[in-house]
Amino acid sequence: MDSPTVALHESSHGEHPSYQRHHFVSMAQQKESASFGMWLFLLTEIMFFGGMFTAYLVYRNWYYPAFVAGSHTLSIVLGTTNTGVLITSSFTMAMGVWCAETRRRGGLILSLILTLVLGLAFLGIKSVEYHEKWVQHHVPGLRFDAMTFVHPKAEPGQAAEPPLPLDMAQHTEVYFSLYFAMTGMHALHMIIGMGLLVYMLIQAIRGAYDNGNIAFIENFGLYWHFVDIVWIFLFPLLYLISRHQ
Amino acid sequence: MSAHEEHSSEEQHIVSPKIYVLIATALLLCTALTVAASYLELGPWNAVVALAIAVFKASLVVLFFMHIKYSSKLMKLTVGAGLFTFLTLVGMSMSDYISRAWGSF
């Protein structure tokens, strides 16, 4: 091929970008097919997280006091900060898609770096929270002590949480199992996403997206926003159960 | 040839950064709102308010960040079908769960 962006064929049809596959009538059709496929993948992801959300709903109804007590051990400051960080990273990714669409290489590189940094910040804050759980003996299966809910200690500057009866205190382990399963699967999605971000960053620096072949970036944008949506639901469900009690 | 040109004329809509800034601001405000609302004593309405705000935020992300507002009917239908299937599966699981004990009282 002589030109990097345009392939010429004998007679059957006119010019089209070199990255347009021959079984597509037009770029519009190819784009539509690509995002359609991505959305189908995201639907399976909705079902995947949906199973955990259903388990959460059932157990929350069964062991509501344990869920309230478990939720109150999470840091509202860290949780809210992380929500802000993730929403901002979604915004920078949306800007990255816009830069790619309008063929701004510098803007695209900057957006990808910012998204990567914000993703790292999210995981950093998350690991601080996980470490806190480890210190407080709130890690189900590995390091768990229900007695912290039977005899709650007052945090400095705060009144102690109301104590739970022993059987209900033991059910906080269910809450923490769901907490780790849901935030852990969410974090795994973030880690995969950040691997892809590094790949796209290298490609963008090489100028691989300058010819307008940006389906990868657009589909990654969909993935990243989906991960954001999962967190938008996880945050109130895990952190904000009856904070007023 | 002519079909080719027709298709390329329906270029995809590029969402402007202005809208992204607006949506991101709305999402951050809604986050502050949902935290504030969780400290109010609303009884069972706490969960309803928290979920309503989350659904609103998710809709903003899907419609604007994920471009569904500007997408074809096929894409809108795909998202709708996913939502419908999700709600059906959760709804049927929950209806089984709440009706398990019926008749045993």
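Everything that follows concerns the structure shown earlier in this document.
Regarding the overall build of chain B
In step 1: Secondary structure assignment for chain B yields four helices and zero strands.
In step 2: When the helices and strands of chain B are placed in sequence order, the string is α-α-α-α.
In step 3: Look at the contacts in chain B between residues 6 or more apart in sequence, and 54% of them connect residues 24 or more apart.
In step 4: When the accessible surface of chain B is summed, it comes to about 6,700 Å², and 73% of that surface belongs to carbon and sulfur atoms.

Quick look at the interface of chain B and chain A
In step 1: Contacts between the two partners involve 49 residues from chain B and, on the opposite side, 51 residues from chain A.
In step 2: Carbon and sulfur atoms supply 78% of the area buried between chain B and chain A, which totals about 4,200 Å² over both sides.
In step 3: Run the count over chain B and chain A and you get zero salt bridges.
In step 4: Residue assignment for the side of chain B that touches chain A shows that the elements contributing at least two residues are α1 (2–9), α2 (17–38), α3 (45–65) and α4 (73–99) of chain B.
In step 5: Tallied by class, residues from the side of chain B that touches chain A come to 32 nonpolar, 14 polar and three charged.

Description of the packing of helix α2 (residues 64–72) of chain A against helix α7 (residues 172–205) of chain A
Residues and elements named next belong to chain A.
In step 1: Relative orientation of the contacting elements α2 and α7 amounts to 55°, with a least axis distance of 8 Å. Judged by the angle between their axes, α2 and α7 are oblique. Remark: the crossing between α2 and α7 carries right-handed chirality. Where α2 abuts α7, its residues A66, F67, G70 and S71 lie against T172, V174, Y175, F176 and L178.
In step 2: Here the contact of α2 with α7 is built from residues that sort into six nonpolar, three polar and no charged.

Focus on the pattern of salt bridges
Residue and element names in this part refer to chain A.
In step 1: Under the definition given, this model contains four salt bridges over all chains.
In step 2: R105 serves as the salt-bridge partner of D210, at 2.6 Å between the closest nitrogen and oxygen. Residue D210 is located in the loop between α7 and α8 (215–239), and its partner R105 is located in helix α4 (residues 105–135); the two are separated by 105 residues in the primary sequence.
In step 3: The class of D210 is partly exposed, set by a relative accessible area of 31%.
In step 4: Using a relative accessible area of 37% as the deciding quantity, one classes R105 as partly exposed.
In step 5: A salt bridge links K126 to E129; its shortest N-O distance comes to 3.1 Å. Of this pair, K126 and E129 both sit in helix α4, three residues apart, which is roughly one turn of that helix. This pair shows no difference in class: K126 is buried, exactly as E129 is.

A closer look at the side chain of T172(A)
Residue and element names in this part refer to chain A.
In step 1: Mapped onto the secondary structure, T172 falls in helix α7.
In step 2: According to the relative accessible area criterion, T172 is buried, its value standing at 0%.
In step 3: Dropping the residues within four chain positions of it, T172 is found in contact with A66, F144, F149 and L164.

Some remarks on the nonpolar core
In step 1: Ranked by size, the top nonpolar core spans 91 residues in total, and within it W39(A), M93(A), L197(A), F65(B) and M66(B) carry the most contacts.
In step 2: Looking at this core element by element, the count peaks at 17 residues for α8(A).

What to know about the environment of S90(A)
In step 1: Summarising the element assignment, S90(A) is placed in helix α3 (residues 76–101).
In step 2: Classification of S90(A) as buried rests on a relative accessible area of 0%.
In step 3: Those residues in contact with S90(A) that sit more than four places away from it in its chain are W224(A), H225(A), D228(A) and F65(B).
In step 4: Of note is the side chain of S90(A), whose polar atom sits 3.1 Å from the side chain of D228(A).

Some words on empty space enclosed by the protein
Residue and element names in this part refer to chain A.
In step 1: This model, assessed by the stated rule, comprises one cavity of 30 Å³ or more.
In step 2: The computed volume of the largest cavity comes to approximately 40 Å³.
In step 3: In terms of lining residues, the largest cavity is bounded by C99, A100, R103, R104, R105, L108, Y209 and D210.
In step 4: Those elements that provide at least two residues to the lining of the largest cavity are α3 and α4.
In step 5: A class-by-class count of the residues in the lining of the largest cavity yields four nonpolar, no polar and four charged.

Focus: the packing of α3(A) against α8(A)
Residues and elements named next belong to chain A.
In step 1: Taken N-terminus to C-terminus, the directions of α3 and α8 make an angle of 165°; their axes are 10 Å apart at the nearest point. Taken together, the axis directions place α3 and α8 in an arrangement best described as roughly antiparallel. Like other packed secondary-structure pairs, α3 and α8 cross with a definite hand, here left-handed.
In step 2: When grouped by side-chain class, the residues that make up the contact of α3 with α8 number 14 nonpolar, eight polar and three charged.

Regarding the packing of aromatic side chains
In step 1: According to the stated counting rule, one finds 23 aromatic pairs over all chains in the structure shown.
In step 2: Arranged with centres 6.1 Å apart and planes meeting at 40°, the rings of F149(A) and F176(A) form a pair that is tilted. Of this pair, F149(A) sits in helix α5 (residues 147–150) while F176(A) sits in helix α7, and the two are 27 residues apart along the sequence. With respect to burial, F149(A) and F176(A) carry one shared label: buried.
In step 3: Note on F64(B) and Y70(B): the rings are 6.4 Å apart at their centroids and 70° apart in plane angle, and the pair reads as edge-to-face.
In step 4: Classification of F64(B) as buried rests on a relative accessible area of 15%.
In step 5: Classification of Y70(B) by relative accessible area gives partly exposed; the value is 24%.

What counts, and at which threshold
- Residues numbered from 1 in each chain as written.
- Chains lettered and ligands numbered in written order.
- Predicted model: local features only at pLDDT ≥ 70, side-chain atom pairs only at ≥ 80, totals over all residues.
- Heavy atoms only, no water.
- Helix = DSSP H or I, 4+ residues; strand = E, 2+ residues; numbered from the N terminus.
- Contact = heavy atoms within 4.5 Å.
- Areas by Shrake-Rupley, 256 points an atom, 1.4 Å probe, with all protein chains shown as cover.
- Buried area = accessible area lost by both parts, 1.4 Å probe.
- Salt bridge = Lys/Arg side-chain N within 4 Å of Asp/Glu carboxyl O.
- Nonpolar A, V, L, I, M, F, W, Y, C, P; charged D, E, K, R; others polar.
- Axes fitted to C-alpha atoms, helices over the stretch in contact; angles between N-to-C directions.
- Parallel < 35°, antiparallel > 145°, perpendicular 65-115°, else oblique.
- Left-handed = near helix turned anticlockwise from the far one by under 90°.
- Buried < 20%, exposed > 50% of the residue type's maximum accessible area, 1.4 Å probe, protein only.
- Core = buried A, V, L, I, M, F, W, Y, C linked by side-chain atoms within 4.5 Å.
- Polar contact = N/O pair within 3.5 Å; in protein donor to acceptor, adjacent residues only side chain to side chain.
- 1 Å grid on protein atoms, 1.4 Å probe; cavity = no way out; pocket = protein on both sides within 12 Å on 5 of 7 lines; lining within 4 Å.
- Points joined across faces, edges and corners; volume = space filled by probe spheres on them.
- Phe/Tyr/Trp six-rings, centres within 6.5 Å; stacked < 30°, edge-to-face > 60°.

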